[in-house]
Amino acid sequence: MTVNRRAVIAGLTAGLLLPRFAFAADLSLGDMRVETLSDGHLTLPRSMLFAGLEPEAVDDILQACGVAKGAILPPINVTLLRHEGRVVLFDAGSGPSFQASAGQLALALEVVGISPEEVTHVVFTHCHPDHLWGVLDDFDDPLFPNAEYLLGQGEWDYWFDPNTASTIAGERASMAVGAHRRLEVIEDRVTRFRAGDEILPGVLAHASFGHTPGHMSFELRSGTESLLIGGDAIGNHHVSFAEPSWPIGTDQDAEAAAQTRLRLLDMLALDQMQLIGYHLPKGGIGRVERQGSGFRFVAGVDI
Ligand SMILES: [Zn+2]
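The following paragraphs examine the structure supplied in this document. (Residues numbered from 1 in each chain as written. Predicted model: local features only at pLDDT ≥ 70, side-chain atom pairs only at ≥ 80, totals over all residues. Heavy atoms only, no water.)

1. Considerations on the overall build of the protein chain
Operational definition: Only DSSP runs of H or I with at least four residues qualify as helices, and only runs of E with at least two residues qualify as strands; both kinds are numbered from the N terminus onward. Restricting the calculation to C-alpha atoms gives the radius of gyration, and the globule rule supplies 2.2 Å times the number of residues raised to the power 0.38. Under the scheme applied here, a residue whose accessible area is under 20% of the maximum for its type counts as buried, over 50% as exposed, and between as partly exposed, the area being computed with a 1.4 Å probe on protein chains only. We call two residues in contact whenever any of their non-hydrogen atoms come within 4.5 Å of each other. Note that accessible areas follow from Shrake-Rupley with a 1.4 Å probe, and for residues the cover is restricted to the protein chains shown.
Each helix and strand counted, the protein chain has 10 helices and 14 strands in total. For 303 residues, the compact-globule estimate of 2.2 N^0.38 gives 19 Å, and the C-alpha radius of gyration of the protein chain, at 18 Å, lies within 12% of that figure. Relative to its 303 residues, the protein chain shows a buried fraction of 51%. Put simply, of all contacts in the protein chain between residues at least 6 apart along the chain, 67% involve residues at least 24 apart. In the form shown here, the protein chain has an accessible surface area of approximately 13,100 Å², with 53% of it arising from carbon and sulfur atoms.

2. A few points about the environment of serine 208
Along the chain, serine 208 turns up in the loop between strand S9 (203–207) and strand S10 (216–222). With a relative accessible area of 1%, serine 208 lands in the buried category. Put simply, serine 208 and alanine 195 are 13 residues apart on the chain and 8.9 Å apart in space, counted from C-alpha to C-alpha. Sequence-distant contacts of serine 208, that is, excluding residues within four places in its chain, are made with His215, Met216, Ser217, Ala233, Thr260, Arg263 and Leu264.

3. Structural notes on unusual backbone geometry
Peptide bonds are trans in most cases, and residues, glycine excluded, mostly fall at negative phi. Unusually for a residue other than glycine, aspartate 91 sits at a positive phi of about 75°. Take aspartate 91: it is sitting in the loop between strand S4 (86–90) and helix H4 (105–111). The exposure class assigned to aspartate 91 is buried, which follows from its relative accessible area of 1%. Phi at glutamine 272 takes a positive value of approximately 50°, unusual for a residue other than glycine. Inspection of the secondary structure puts glutamine 272 in the loop between helix H10 (254–271) and strand S12 (274–277).

4. What about the coordination of the zinc ion?
Rules: Shown as donors are all N, O and S atoms within 2.8 Å of a metal ion, widened to 3.2 Å for Na, K and Ca; because water is not in the atom set, sites may appear incomplete. Between 85 and 135 degrees for all angles marks four donors as tetrahedral; over 155 degrees for opposite donors together with 65 to 115 for all other angles marks four donors as square planar and six as octahedral; every other arrangement is irregular.
Coordination of the zinc ion by the protein comes from Asp130 (OD), His131 (NE2), Asp232 (OD) and His279 (NE2), over a distance range of 2.1 to 2.2 Å. For the zinc ion, the 4 donor atoms in the first shell make angles of 83 to 172° at the metal, a pattern classed as irregular. In the primary structure, the donors to the zinc ion are separated according to the pattern D-H-x100-D-x46-H. With histidine 131 in helix H5 (residues 129–132) and histidine 279 in the loop between S12 and strand S13 (285–291), the pair connects residues that are 148 residues apart, well separated along the chain. As far as burial versus exposure is concerned, histidine 131 and histidine 279 are alike and both buried.

5. A look at the packing of helix H6 (residues 153–160) against helix H8 (residues 173–186)
The following threshold applies: Only the stretch in contact is used when fitting a helix axis, every axis being a line fitted to C-alpha atoms; angles between N-to-C directions are given from 0 to 180 degrees. In this scheme, roughly parallel covers angles under 35 degrees and roughly antiparallel covers those over 145, while 65 to 115 is roughly perpendicular and the rest are oblique. When residues are sorted by character, Ala, Val, Leu, Ile, Met, Phe, Trp, Tyr, Cys and Pro go into the nonpolar class, Asp, Glu, Lys and Arg into the charged class, and all the rest, Gly among them, into the polar class.
In the contact formed by H6 and H8, the axes pass within 8 Å of each other and the chain directions differ by 110°. Classified by the angle their axes make, H6 and H8 are roughly perpendicular. Every residue of H8 that contacts H6 at Trp156, Trp159 and Phe160 is listed here: Met175, Ala176, Ala179, His180, Leu183 and Glu184. For the contact of H6 with H8, a count of residues per class yields 7 nonpolar, 1 polar and 1 charged.

6. Quick look at the side chain of threonine 164
As a reminder of what qualifies: Between N or O atoms, a polar contact is any pair within 3.5 Å; within protein, one atom must be a potential hydrogen donor and the other a potential acceptor, and residues adjacent in sequence are included only when both atoms are from side chains.
One can find threonine 164 in helix H7 (residues 164–167). For threonine 164, a relative accessible area of 3% translates into the label buried. Of the polar contacts made by the side chain of threonine 164, one reaches the backbone oxygen of tyrosine 158; its length is 2.4 Å.

7. Some points on H10
The test is simple: The span expected for a helix works out to 1.5 Å for each residue beyond the first. Starting at the helix axis, one direction is taken to each C-beta atom, and the arc is that of these directions.
Under the 1.5 Å per step criterion, the end-to-end length of H10 is 25 Å for 18 residues, consistent within 8% with the ideal 26 Å. Every buried residue of H10 is accounted for by Ala257, Ala258, Thr260, Arg261, Leu264, Leu265, Leu268 and Ala269. The arc that holds every buried residue of H10, seen down its axis, measures 165°, which confines them to one face. Relative to its buried face, H10 has exposed residues pointing more than 90 degrees away, namely Glu255, Gln259 and Leu270.

8. A look at the pattern of salt bridges
Put simply, the rule reads: Throughout this description, the term salt bridge denotes a Lys or Arg side-chain nitrogen within 4 Å of a carboxyl oxygen of Asp or Glu.
The tally for this structure, following the rule as stated, stands at 9 salt bridges. When the shortest N-O distance is used, the salt bridge between arginine 261 and aspartate 251 registers 3.0 Å. With arginine 261 in helix H10 and aspartate 251 in the loop between helix H9 (239–242) and H10, this pair connects stretches of sequence that are 10 residues apart. Look at aspartate 251 and you get buried, because its relative accessible area is 6%. Among the ionic contacts, a cluster of salt bridges with common partners joins Arg33, Glu35 and Arg82.

9. Structural notes on the nonpolar core
Here is the rule we go by: To form a nonpolar core, buried Ala, Val, Leu, Ile, Met, Phe, Trp, Tyr and Cys residues must be joined to one another through side-chain atoms within 4.5 Å.
Judged by nonpolar contacts, the single largest core of 47 residues is most densely connected at Phe50, Phe124, Phe144, Tyr149 and Leu183. Beyond its immediate chain neighbours, meaning those up to four positions away, phenylalanine 124 contacts Asp91, Ala92, His131, Leu132, Val135, Tyr149, Leu150, Leu151, Ile186, Phe193 and Phe218. Core analysis: the second largest hydrophobic core is formed by 21 residues, Val88, Val123, Leu227 and Ile285 among them.

10. Side note on the sheet that holds S10
Heads up, the rule is: If DSSP finds at least two bridges between two strands, the strands pair.
Reading across the sheet, the 7 strands line up as S8-S9-S10-S11-S12-S13-S14 and stay open at both edges, with mixed pairing between neighbours. Whereas interior strands pair on both sides, the edge strands pair on one side only; in this sheet they are strand S8 (198–200) and strand S14 (294–299). If you compare each strand with its neighbour and ignore which way they point, the axes differ by 35° on average. Bridging between S9 and S10 involves 5 bridges; their strand directions are antiparallel. Across the sheet, the residue bridging to histidine 206 is serine 217, located in S10.

What follows is the structure, given as structure tokens:
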């Protein structure tokens, strides 16, 4: 049954109409094996993502980046790290109850031959639905029954606080309720960490606040090689690269998020460090180059 299902999925994903669940982007960093798995994609109205920006200026950038007209459909890239016997996911996808076009992580894991029981750690960048809600399955039980969860202390404090739902901007209240409910289910297995901590061997937490109050990014290091799992600190490959200081509607604190984005883009371009972006195209792996007064994302694996 499993074999047949895999074969069917493999056949389907060879086509152009469905998202690919497991990307060819599979790289080695010393003895770390890293790949990205697709949880599907989001569907976001332009009016929400680019609220307050000049539509013509946005259109110019989107067109230059080859983005189709209409709603923005950001891919969702969950990073899988296999290292020293650990099976680590960076974020958990959207689960069954967020958006119909998302929530495919369990299928993606099946395609690469990993069962949910084999996942040893789930590391969160932040607690938005497309990153956290996938911790629970269709029956509201933990999808990864043997996993330890790692979450930044500030992010935990913010979303676990039951008052957040009433103090956060109205349209985000359902995200706060949803986050709190899921954190309650996994509470006993959550380990909190702080910026600068080496949370697992070769995995360092970097503060990248703004998108959410406690958003974290993660640097993977092996010898002289390193890459950054950026989460949503750099949330799209078009406007946020071309004009990183422009506000983005999904960032909770747009000004702090822009400062974080600029700092990370500068560092990534200068160090020519590989980046994995949760919503960047082609599996989300690539590099950052300067372009004019901004930057551009160059997708592809080269380490
Ligand atoms: Zn996201």
